[in-house]
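# Examination of the molecular architecture
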Amino acid sequence: PYIAHEDFPRFISDVYDRLNDGGIFYLSFVEGRPEDSSYQTGSTGDRIWFNYYDSDALIHQSKKAGFKPETKWRLPFSREGKPDEIHTVLIFSKKK
């Protein structure tokens, strides 16, 4: 949730360049509409910018960088007094 949307293509390309052939890359994020990204206040009272991502867009950008999608998990996450979220985990491999 901490990587800006406009920085993701460069980020995923850098990860691909640094990962060994056949290596595995794990990506987790909160599924949601990117336009809903905003400041959120954590349990300590600190405010941070929190980005929501569309999994299809991240998979597309990761494939463009050369990654092969391996696995996708969607995990429901609930906190008292907060709306339910979907936490998504994507596993990619670097093509040999």
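Worth saying up front: this structure is predicted, and the values here are computed from it rather than measured. (Residues numbered from 1 in each chain as written. Predicted model: local features only at pLDDT ≥ 70, side-chain atom pairs only at ≥ 80, totals over all residues. Heavy atoms only, no water.)

Turning to the packing of aromatic side chains, a few remarks are in order. Taken as a whole, this structure holds ten aromatic pairs when the rule is applied. Between Y16 and F67, the aromatic rings sit 5.1 Å apart at their centres with planes inclined by 90°, giving edge-to-face as the arrangement. Of this pair, Y16 sits in helix α1 (residues 8-18) while F67 sits in strand β4 (residues 67-77), and the two are 51 residues apart along the sequence. A relative accessible area of 18% places Y16 in the buried class. Summarising the aromatic geometry, the rings of F50 and Y52 are spaced 5.2 Å apart at their centres and angled 65° between planes, so their arrangement reads as edge-to-face. Across the pair, exposure class does not vary: F50 and Y52 are buried alike. Grouped by ring-pair contacts, the aromatic residues F8, F11, Y16, F25, F67 and F92 constitute a single cluster. (Phe/Tyr/Trp six-rings, centres within 6.5 Å; stacked < 30°, edge-to-face > 60°. Helix = DSSP H or I, 4+ residues; strand = E, 2+ residues; numbered from the N terminus. Buried < 20%, exposed > 50% of the residue type's maximum accessible area, 1.4 Å probe, protein only.)

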